[in-house]
Amino acid sequence: MKLYSFWRSLASFRVRIALNIKGVVYEQIAVDVDRREHRDGAYAALNPQMALPSLVLDDGTVLTQSLAILDYLDEACPGPALLPDEAKGRARVRALAAMIACDAHPLTTPRVQRYLAEVLHVDEAARAAWLKHWTAEMLGAVEAQLAGHAATGRFAHGDAPTTADICLAGHVTFAINQGLGLGSMPTVQRVFEAAMALPAFASAHPLAQPDAPAAMRRNPVVP
Ligand SMILES: N[C@@H](CCC(=O)N[C@@H](CS)C(=O)NCC(=O)O)C(=O)O
(Lines give C-alpha, C1' and ligand atoms only; values in the text may rest on other atoms or scores of the structure.)
Protein backbone atom coordinates (compact mmCIF):
# COMPACT_ATOMS: atom_id res chain seq x y z
CA MET A 1 0.00 0.00 0.00
CA LYS A 2 1.05 3.61 -0.58
CA LEU A 3 -0.01 6.37 1.80
CA TYR A 4 0.05 9.89 0.39
CA SER A 5 0.38 12.02 3.47
CA PHE A 6 1.82 15.15 5.03
CA TRP A 7 3.67 15.07 8.35
CA ARG A 8 1.48 17.74 10.02
CA SER A 9 -1.83 16.49 8.62
CA LEU A 10 -4.14 15.26 11.38
CA ALA A 11 -6.10 13.09 8.97
CA SER A 12 -2.84 11.47 7.82
CA PHE A 13 -1.88 10.96 11.49
CA ARG A 14 -5.13 9.04 11.97
CA VAL A 15 -4.45 6.70 9.07
CA ARG A 16 -0.81 6.13 10.08
CA ILE A 17 -1.97 5.05 13.55
CA ALA A 18 -4.54 2.63 12.10
CA LEU A 19 -1.99 1.14 9.68
CA ASN A 20 0.41 0.65 12.60
CA ILE A 21 -2.24 -0.96 14.83
CA LYS A 22 -3.10 -3.36 12.02
CA GLY A 23 0.58 -4.06 11.34
CA VAL A 24 0.28 -3.08 7.69
CA VAL A 25 3.55 -2.38 5.90
CA TYR A 26 3.15 0.68 3.71
CA GLU A 27 5.16 3.18 1.70
CA GLN A 28 4.69 6.79 2.73
CA ILE A 29 4.73 9.40 -0.03
CA ALA A 30 5.02 12.96 1.24
CA VAL A 31 2.84 15.66 -0.31
CA ASP A 32 3.84 19.09 0.98
CA VAL A 33 0.70 21.05 1.82
CA ASP A 34 2.72 24.16 2.69
CA ARG A 35 4.09 24.16 -0.88
CA ARG A 36 0.57 23.41 -2.18
CA GLU A 37 1.73 20.15 -3.78
CA HIS A 38 -1.70 18.70 -2.91
CA ARG A 39 -3.18 21.09 -5.47
CA ASP A 40 -0.77 20.01 -8.23
CA GLY A 41 -2.15 18.08 -11.17
CA ALA A 42 -0.57 14.75 -10.22
CA TYR A 43 -2.07 14.62 -6.73
CA ALA A 44 -5.36 16.18 -7.85
CA ALA A 45 -5.70 13.39 -10.40
CA LEU A 46 -5.36 10.87 -7.58
CA ASN A 47 -7.68 12.65 -5.18
CA PRO A 48 -9.87 15.33 -6.80
CA GLN A 49 -10.72 16.77 -3.37
CA MET A 50 -7.03 17.72 -3.12
CA ALA A 51 -6.90 16.73 0.54
CA LEU A 52 -4.66 14.30 2.39
CA PRO A 53 -4.41 11.45 3.01
CA SER A 54 -5.04 9.04 0.17
CA LEU A 55 -4.32 5.35 0.52
CA VAL A 56 -3.55 3.46 -2.70
CA LEU A 57 -4.09 -0.26 -2.37
CA ASP A 58 -1.88 -2.82 -4.12
CA ASP A 59 -4.54 -3.28 -6.84
CA GLY A 60 -4.55 0.48 -7.54
CA THR A 61 -7.77 1.32 -5.70
CA VAL A 62 -7.56 4.82 -4.22
CA LEU A 63 -9.17 5.32 -0.82
CA THR A 64 -9.77 8.81 0.59
CA GLN A 65 -11.25 10.33 3.77
CA SER A 66 -9.51 9.12 6.90
CA LEU A 67 -12.60 7.72 8.65
CA ALA A 68 -13.55 5.72 5.55
CA ILE A 69 -9.97 4.45 5.34
CA LEU A 70 -10.06 3.43 9.02
CA ASP A 71 -13.28 1.50 8.39
CA TYR A 72 -11.72 -0.17 5.34
CA LEU A 73 -8.62 -1.22 7.29
CA ASP A 74 -10.78 -2.54 10.12
CA GLU A 75 -12.88 -4.61 7.73
CA ALA A 76 -10.11 -5.79 5.40
CA CYS A 77 -7.08 -6.30 7.63
CA PRO A 78 -6.49 -8.72 10.49
CA GLY A 79 -5.24 -7.39 13.80
CA PRO A 80 -6.81 -5.56 16.73
CA ALA A 81 -10.28 -4.17 16.02
CA LEU A 82 -10.69 -0.40 15.76
CA LEU A 83 -14.35 -0.53 16.79
CA PRO A 84 -16.08 -2.31 19.70
CA ASP A 85 -17.96 -5.48 18.90
CA GLU A 86 -21.38 -4.30 20.10
CA ALA A 87 -23.61 -1.84 18.27
CA LYS A 88 -24.09 0.74 21.06
CA GLY A 89 -20.36 0.85 21.66
CA ARG A 90 -19.68 1.31 17.95
CA ALA A 91 -22.17 4.19 17.88
CA ARG A 92 -20.43 5.84 20.84
CA VAL A 93 -16.97 5.48 19.30
CA ARG A 94 -18.20 6.76 15.93
CA ALA A 95 -19.85 9.74 17.64
CA LEU A 96 -16.62 10.68 19.44
CA ALA A 97 -14.69 10.29 16.18
CA ALA A 98 -17.23 12.44 14.31
CA MET A 99 -17.04 15.23 16.89
CA ILE A 100 -13.33 15.46 16.20
CA ALA A 101 -12.89 14.53 12.55
CA CYS A 102 -16.16 15.89 11.11
CA ASP A 103 -17.08 18.84 13.33
CA ALA A 104 -13.83 20.32 14.65
CA HIS A 105 -11.07 19.33 12.25
CA PRO A 106 -12.48 21.00 9.09
CA LEU A 107 -12.44 24.39 10.82
CA THR A 108 -8.66 24.16 11.23
CA THR A 109 -7.57 22.97 7.78
CA PRO A 110 -5.17 24.99 5.61
CA ARG A 111 -7.89 25.74 3.02
CA VAL A 112 -10.08 27.32 5.71
CA GLN A 113 -7.11 29.19 7.17
CA ARG A 114 -6.19 30.49 3.70
CA TYR A 115 -9.74 31.64 3.02
CA LEU A 116 -9.86 33.47 6.35
CA ALA A 117 -6.50 35.12 5.62
CA GLU A 118 -6.63 35.78 1.89
CA VAL A 119 -10.32 36.41 1.20
CA LEU A 120 -11.73 37.65 4.49
CA HIS A 121 -8.45 39.35 5.57
CA VAL A 122 -8.60 37.92 9.08
CA ASP A 123 -5.27 38.72 10.73
CA GLU A 124 -2.90 36.17 12.28
CA ALA A 125 -3.95 36.85 15.90
CA ALA A 126 -7.63 36.42 15.07
CA ARG A 127 -6.89 33.23 13.11
CA ALA A 128 -4.98 31.85 16.11
CA ALA A 129 -7.96 32.72 18.33
CA TRP A 130 -10.25 30.89 15.86
CA LEU A 131 -8.11 27.73 16.04
CA LYS A 132 -7.98 27.80 19.83
CA HIS A 133 -11.69 28.48 20.20
CA TRP A 134 -12.91 25.60 18.02
CA THR A 135 -10.33 23.17 19.36
CA ALA A 136 -11.06 23.97 23.01
CA GLU A 137 -14.81 23.85 22.42
CA MET A 138 -14.65 20.38 20.88
CA LEU A 139 -12.20 18.95 23.43
CA GLY A 140 -14.39 20.33 26.23
CA ALA A 141 -17.34 18.48 24.72
CA VAL A 142 -15.29 15.29 24.40
CA GLU A 143 -14.24 15.64 28.06
CA ALA A 144 -17.94 15.88 29.01
CA GLN A 145 -18.66 12.72 27.01
CA LEU A 146 -15.76 10.77 28.53
CA ALA A 147 -15.67 11.88 32.17
CA GLY A 148 -17.67 9.60 34.40
CA HIS A 149 -19.14 7.56 31.53
CA ALA A 150 -19.34 3.87 32.39
CA ALA A 151 -17.87 2.85 29.02
CA THR A 152 -14.78 5.05 29.36
CA GLY A 153 -11.86 2.92 30.42
CA ARG A 154 -8.14 3.17 30.02
CA PHE A 155 -9.00 4.50 26.56
CA ALA A 156 -11.97 6.49 25.27
CA HIS A 157 -14.09 3.33 25.07
CA GLY A 158 -12.94 0.41 27.16
CA ASP A 159 -9.39 -0.77 27.65
CA ALA A 160 -8.24 -1.06 24.04
CA PRO A 161 -7.66 1.79 21.61
CA THR A 162 -10.40 2.48 19.07
CA THR A 163 -11.09 4.93 16.27
CA ALA A 164 -12.07 7.44 18.98
CA ASP A 165 -8.56 7.37 20.48
CA ILE A 166 -7.05 7.62 17.01
CA CYS A 167 -8.99 10.83 16.36
CA LEU A 168 -8.36 12.17 19.86
CA ALA A 169 -4.59 11.65 19.63
CA GLY A 170 -4.28 13.93 16.64
CA HIS A 171 -6.47 16.68 17.93
CA VAL A 172 -4.89 16.79 21.38
CA THR A 173 -1.49 16.97 19.69
CA PHE A 174 -2.83 19.91 17.67
CA ALA A 175 -4.26 21.53 20.82
CA ILE A 176 -0.91 21.28 22.60
CA ASN A 177 0.77 22.88 19.59
CA GLN A 178 -1.75 25.73 19.79
CA GLY A 179 -0.71 26.31 23.40
CA LEU A 180 -3.97 25.04 24.87
CA GLY A 181 -3.68 23.63 28.37
CA LEU A 182 -5.40 20.35 29.16
CA GLY A 183 -5.89 21.16 32.86
CA SER A 184 -9.67 21.39 32.56
CA MET A 185 -9.80 18.11 30.62
CA PRO A 186 -8.30 15.45 32.90
CA THR A 187 -9.99 12.52 31.18
CA VAL A 188 -8.97 13.68 27.72
CA GLN A 189 -5.42 14.13 28.99
CA ARG A 190 -5.32 10.69 30.63
CA VAL A 191 -6.69 8.91 27.56
CA PHE A 192 -4.34 10.85 25.26
CA GLU A 193 -1.32 9.89 27.36
CA ALA A 194 -2.38 6.23 27.44
CA ALA A 195 -2.72 6.23 23.65
CA MET A 196 0.53 8.04 22.94
CA ALA A 197 2.39 5.56 25.15
CA LEU A 198 1.61 2.88 22.55
CA PRO A 199 4.23 2.45 19.79
CA ALA A 200 1.51 2.42 17.10
CA PHE A 201 0.55 5.95 18.13
CA ALA A 202 3.99 7.32 18.98
CA SER A 203 5.57 6.28 15.70
CA ALA A 204 2.68 7.88 13.77
CA HIS A 205 3.24 11.26 15.49
CA PRO A 206 3.79 14.14 13.04
CA LEU A 207 7.29 14.85 14.35
CA ALA A 208 8.37 11.23 13.80
CA GLN A 209 7.64 11.40 10.06
CA PRO A 210 10.41 11.51 7.44
CA ASP A 211 8.95 14.67 5.87
CA ALA A 212 8.85 16.62 9.17
CA PRO A 213 11.37 19.48 9.12
CA ALA A 214 14.76 18.07 10.16
CA ALA A 215 15.15 20.58 12.99
CA MET A 216 11.89 19.38 14.58
CA ARG A 217 12.08 15.67 13.82
CA ARG A 218 12.42 13.23 16.70
CA ASN A 219 11.73 9.55 17.13
CA PRO A 220 10.38 8.34 19.46
CA VAL A 221 8.17 11.30 20.27
CA VAL A 222 7.24 11.76 23.90
CA PRO A 223 4.53 14.44 23.94
N1 LIG B 1 -12.15 14.81 6.28
C2 LIG B 1 -10.88 14.57 5.65
C3 LIG B 1 -9.97 15.75 5.90
C4 LIG B 1 -8.93 15.84 4.83
C5 LIG B 1 -8.15 17.15 4.99
O6 LIG B 1 -8.73 18.24 5.05
N7 LIG B 1 -6.83 17.00 5.05
C8 LIG B 1 -6.00 18.17 5.21
C9 LIG B 1 -4.76 17.84 5.97
S10 LIG B 1 -5.18 17.27 7.59
C11 LIG B 1 -5.64 18.69 3.86
O12 LIG B 1 -5.19 17.97 3.00
N13 LIG B 1 -5.83 19.98 3.67
C14 LIG B 1 -5.48 20.64 2.48
C15 LIG B 1 -6.12 21.98 2.44
O16 LIG B 1 -6.82 22.35 3.38
O17 LIG B 1 -5.90 22.68 1.45
C18 LIG B 1 -10.24 13.29 6.21
O19 LIG B 1 -10.54 12.95 7.36
O20 LIG B 1 -9.47 12.64 5.49
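Trainee: I tried to follow the overall build of the chain on my own but got confused; where do I start?
Mentor: Assigned secondary structure in the chain consists of 9 helices and 4 strands. Since a compact globule built from 223 residues should have a radius of gyration of about 17 Å, the 17 Å found for the chain is in line with a globular shape. Along the first, second and third principal axes, the C-alpha atoms of the chain reach 50 × 45 × 35 Å. The 223 residues of the chain split such that 48% are buried. Looking at the chain alone, contacts between residues at least 24 apart form 65% of all its contacts between residues at least 6 apart. Total accessible area computed for the chain in this model is approximately 10600 Å², and 56% of it derives from carbon and sulfur atoms. A distance of 2 Å separates the average location of the 20 positive side-chain charges in the chain from that of its 22 negative side-chain charges.

Trainee: Please explain the site of the ligand as it appears in this structure.
Mentor: As a structural note, the neighbourhood of the ligand is formed by 14 residues, with His-38, Leu-52, Gln-65, Ser-66 and Arg-111 the closest of them. In this structure, Arg-14 approaches the ligand through a side-chain N or O atom, which is 3.1 Å from an oxygen atom. Computed on the free molecule, the ligand has an accessible area of 510 Å², of which 92% lies beneath the protein chains in the complex. For the shell around the ligand, the elements supplying multiple residues, two or more each, are helix H1 (10-22) and helix H5 (110-119). Sort the elements by how many residues they give to the shell around the ligand and H1 lands first, with 3 residues.

Trainee: Could you clarify how one ought to interpret a nonpolar patch on the surface in this entry?
Mentor: Judged by side-chain polarity, Tyr-115, Val-119 and Leu-120 come together as a nonpolar surface patch covering roughly 300 Å² of accessible area. If you trace the backbone, Leu-120 turns up in the loop between H5 and helix H6 (124-146).

Scoring rules and cut-offs
- Residues numbered from 1 in each chain as written.
- Predicted model: local features only at pLDDT ≥ 70, side-chain atom pairs only at ≥ 80, totals over all residues.
- Heavy atoms only, no water.
- Helix = DSSP H or I, 4+ residues; strand = E, 2+ residues; numbered from the N terminus.
- Rg over C-alpha atoms; globule rule 2.2 N^0.38 Å.
- Buried < 20%, exposed > 50% of the residue type's maximum accessible area, 1.4 Å probe, protein only.
- Contact = heavy atoms within 4.5 Å.
- Areas by Shrake-Rupley, 256 points an atom, 1.4 Å probe, with all protein chains shown as cover.
- Lys, Arg positive; Asp, Glu negative; His and termini not counted.
- Charge placed at Lys NZ, Arg CZ, Asp CG, Glu CD.
- Near = heavy atom within 4 Å.
- Polar contact = N/O pair within 3.5 Å; in protein donor to acceptor, adjacent residues only side chain to side chain.
- Patch = residues over 30% accessible without salt bridge, like charges linked within 9 Å, V, L, I, M, F, W, Y side chains within 5 Å.
- Salt bridge = Lys/Arg side-chain N within 4 Å of Asp/Glu carboxyl O.

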